[in-house]
Amino acid sequence: MNFNPTLLEVYIKVRTLDDQLIKKKDGNIRIHLVGEEFMIYKRLAGVFNSLRYQNKLEVRESADQDFVYFIIRLVIASYELS
């Protein structure tokens, strides 16, 4: 029996340093990634599991930076930050 898990959906929640959940502009707490955003997340997250990344053949700083910028873009677009 082969078990090959696949990523089907992603939920993102944002917390403060004192562990308080931040509400989005529409009142919900989490972001549900679907469509194009999900595909971008899957591609960016897949880099971390690649052998090139693990064996340090790929530039780690740029992969990390791309992933963080993607998450920050989602947070700025969706959440009320004060």
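Residues numbered from 1 in each chain as written. Predicted model: local features only at pLDDT ≥ 70, side-chain atom pairs only at ≥ 80, totals over all residues. Heavy atoms only, no water.

Regarding helix α3 (residues 60-78)
The terminal C-alpha atoms of α3, which comprises 19 residues, lie 27 Å apart, in line with the 27 Å expected from a rise of 1.5 Å per residue. Here α3 has its buried residues at A63, F67, F70, L74, V75 and S78. The buried residues of α3 occupy an angular sector of 130 degrees when projected down its axis, which confines them to one face. Looking at α3, the residues exposed on the side facing more than 90 degrees away from the buried face are E61, Y69, I76 and A77. Those residues of α3 hidden inside the fold are in contact with β1 (10-13), β2 (30-33), α1 (35-49) and α2 (51-54). (Helix = DSSP H or I, 4+ residues; strand = E, 2+ residues; numbered from the N terminus. Expected span 1.5 Å × (residues − 1). Buried < 20%, exposed > 50% of the residue type's maximum accessible area, 1.4 Å probe, protein only. Arc of directions from axis to C-beta. Contact = heavy atoms within 4.5 Å.)

Considering α1
An α-helical segment advances 3.6 residues per turn. Residues three or four places apart therefore align on the same side. Between its first and last C-alpha, α1 extends 22 Å over 15 residues, near the 21 Å set by a 1.5 Å rise per residue. The complete set of buried residues in α1 reads F38, Y41, L44 and A45. Looking down the long axis of α1, one finds its buried residues gathered within 135 degrees of arc, a one-sided arrangement. Seen from the buried face of α1, the exposed residues on the opposite side, beyond 90 degrees, are E36 and R43. Among the structural elements, β1, β2 and α3 are those in contact with the buried residues of α1.

Looking at the packing of aromatic side chains
Under the defined criterion, the tally for this structure stands at 3 aromatic pairs. Ring geometry for F48 and Y53: centres 5.2 Å apart, planes at 80 degrees, overall edge-to-face. Geometrically, the ring pair formed by F48 and F67 is edge-to-face, given 5.3 Å between the ring centres and 85 degrees between the ring planes. With F48 in helix α1 and F67 in helix α3, this residue pair connects regions lying 19 residues apart in the sequence. By relative accessible area, F67 is classed as buried at 18%. Grouping aromatic residues by their ring pairs yields a cluster made of Y41, F48, Y53 and F67. Against the face of Y11 rests R30, its NZ or CZ located 4.3 Å from the ring centre. In this arrangement the basic side chain of R60 is found over the ring face of Y53, its NZ or CZ atom lying 4.5 Å from the centre. (Phe/Tyr/Trp six-rings, centres within 6.5 Å; stacked < 30°, edge-to-face > 60°. Lys NZ or Arg CZ within 6 Å of the ring centre and 35° of its normal.)

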